[in-house]
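# A look at the structure
Here's the letter readout for the chains.
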Amino acid sequence: LLIACVKTGKKYGSDYVLKLRNGVERHMPVKHQFVCFTENNVDGVECRPLAVPLPTWWSKLTLFSLGKPLIYLDLDVVITGDLSPLLDWDGFGILKDHNGKTYNSSVMKLTGKEGHVWERFTPNVMSHMHGVQDWITECMPGAKTFPPEWFPSFKLDDCVGGVSAKAMGCNFHGLPKPHQITSGWVPEAWI
C-alpha cells in the first residue's frame, strides 16, 4: 500500500511531511509505504523525485502517471482517526469541493487506471484553469466522492472545537494552516 504526499517549493517545511507521516503511522492499521514526492529530501522519510516538475499544486498530477494504486494526502491534512475506510473504498475516490462544482484533491485514492488524467495534460491547461482540481473534474466527471464527514474543512465546517468520530482527518485548505493553531485539538493531533 503506497501512501503519498507531494512537497514542492517552500510553502511547507519538512515538519509538515513528518507530521503527516506520523499521523498516517498512528491511524493506518495495515502495512504501508509512505513516500514524499519532492525535489528536496526530507530526513527520515522516503523521498522520490517528481516525474515532471510542475508549479505548486499542479505537481500532484504526476501521481496519475505512476500507474500504481495509492492514497494521496495533502500536506495540510491533519489525520485524526482510523484510515481503514480508505482501504475499503472501491475504485477511484476524491473529495467534493465545497463549491459543489469541482473536486477537492486534498485526499484521493487512485487505482492506477487513471493515467488519462496525466496523458491528456499539457502545460497550456495551467493557463486557463484555476488549478489541478478543475483539471481532474474535467477529466473524470461523475467520479465517486468520499463522504464529506471523512475529511471536513477546518474553516468551512467549523472544526475549531474538533471533528466528529466519523472523521479520518481535517482539511486545512486556505487559511489557517495547522501550524497557526496553537491551542485545542489541532496541536494534539498534529504531532
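Above: the structure in question.
Rules used throughout
- Residues numbered from 1 in each chain as written.
- Predicted model: local features only at pLDDT ≥ 70, side-chain atom pairs only at ≥ 80, totals over all residues.
- Heavy atoms only, no water.
- Salt bridge = Lys/Arg side-chain N within 4 Å of Asp/Glu carboxyl O.
- Buried < 20%, exposed > 50% of the residue type's maximum accessible area, 1.4 Å probe, protein only.
- Helix = DSSP H or I, 4+ residues; strand = E, 2+ residues; numbered from the N terminus.
- Contact = heavy atoms within 4.5 Å.
- Core = buried A, V, L, I, M, F, W, Y, C linked by side-chain atoms within 4.5 Å.
- Phe/Tyr/Trp six-rings, centres within 6.5 Å; stacked < 30°, edge-to-face > 60°.
- Lys NZ or Arg CZ within 6 Å of the ring centre and 35° of its normal.

## A word on the pattern of salt bridges
Scanning the model with the defined rule gives four salt bridges in all. Note that R48 and E46 form a salt bridge whose closest N and O atoms lie 3.1 Å from each other. On the basis of relative accessible area, R48 is assigned to the partly exposed category, the value being 26%. For E46, a relative accessible area of 34% puts it in the partly exposed group. Two residues, K60 and D74, come together in a salt bridge whose shortest N-O distance is 3.0 Å. Residue K60 is found in the loop between strand 3 (46-48) and strand 4 (70-73), and its partner D74 is found in the loop between strand 4 and strand 5 (77-79); the two are separated by 14 residues along the sequence.

## Some points on helix 5 (residues 132-139)
Think of an α-helix as 3.6 residues a turn; residues three or four steps apart then line up on the same face. Of the residues making up helix 5, those classed as buried are V132, W135, I136, T137 and C139. Looking at the buried residues of helix 5, the elements they touch are strand 6 (93-96), strand 7 (103-110), helix 3 (116-119) and helix 4 (125-128).

## A look at the nonpolar core
If you look at the biggest cluster of nonpolar residues, it comprises 37 residues, and the most contacted ones within it are V24, L73, F151 and W185. Secondary-structure elements contributing two or more residues to this core are strand 1 (2-7), helix 1 (14-27), strand 2 (33-38), strand 4, strand 5 and helix 6 (185-189). It is helix 1 that provides the largest number of residues to this core, a total of four residues. The residues contacting L73, other than those within four sequence positions of it, are I3, A4, C5, L20, V24, I79, S106, V107 and F151. In terms of nonpolar packing, the next biggest core, distinct from the first, is built from 29 residues, F64, Y103, M108 and V117 among them.

## Considering the packing of aromatic side chains
On inspection of all chains with the given rule, the structure shows twelve aromatic pairs. Measuring from centroid to centroid gives 4.9 Å for W89 and F146, while their planes differ by 70 degrees, and the two rings are edge-to-face. In this pair, W89 sits in the loop between helix 2 (84-88) and strand 6 while F146 sits in the loop between helix 5 and strand 8 (169-171), placing the two residues 57 residues apart along the sequence. F146 carries the same exposure label as W89, and that label is buried. Joined through ring pairs, the aromatic side chains of W58, W118, F121 and W135 make up one cluster. A cation sits over an aromatic face here: K144 above W89, 4.9 Å from the ring centre.

All we've got here are geometric facts, nothing functional implied.
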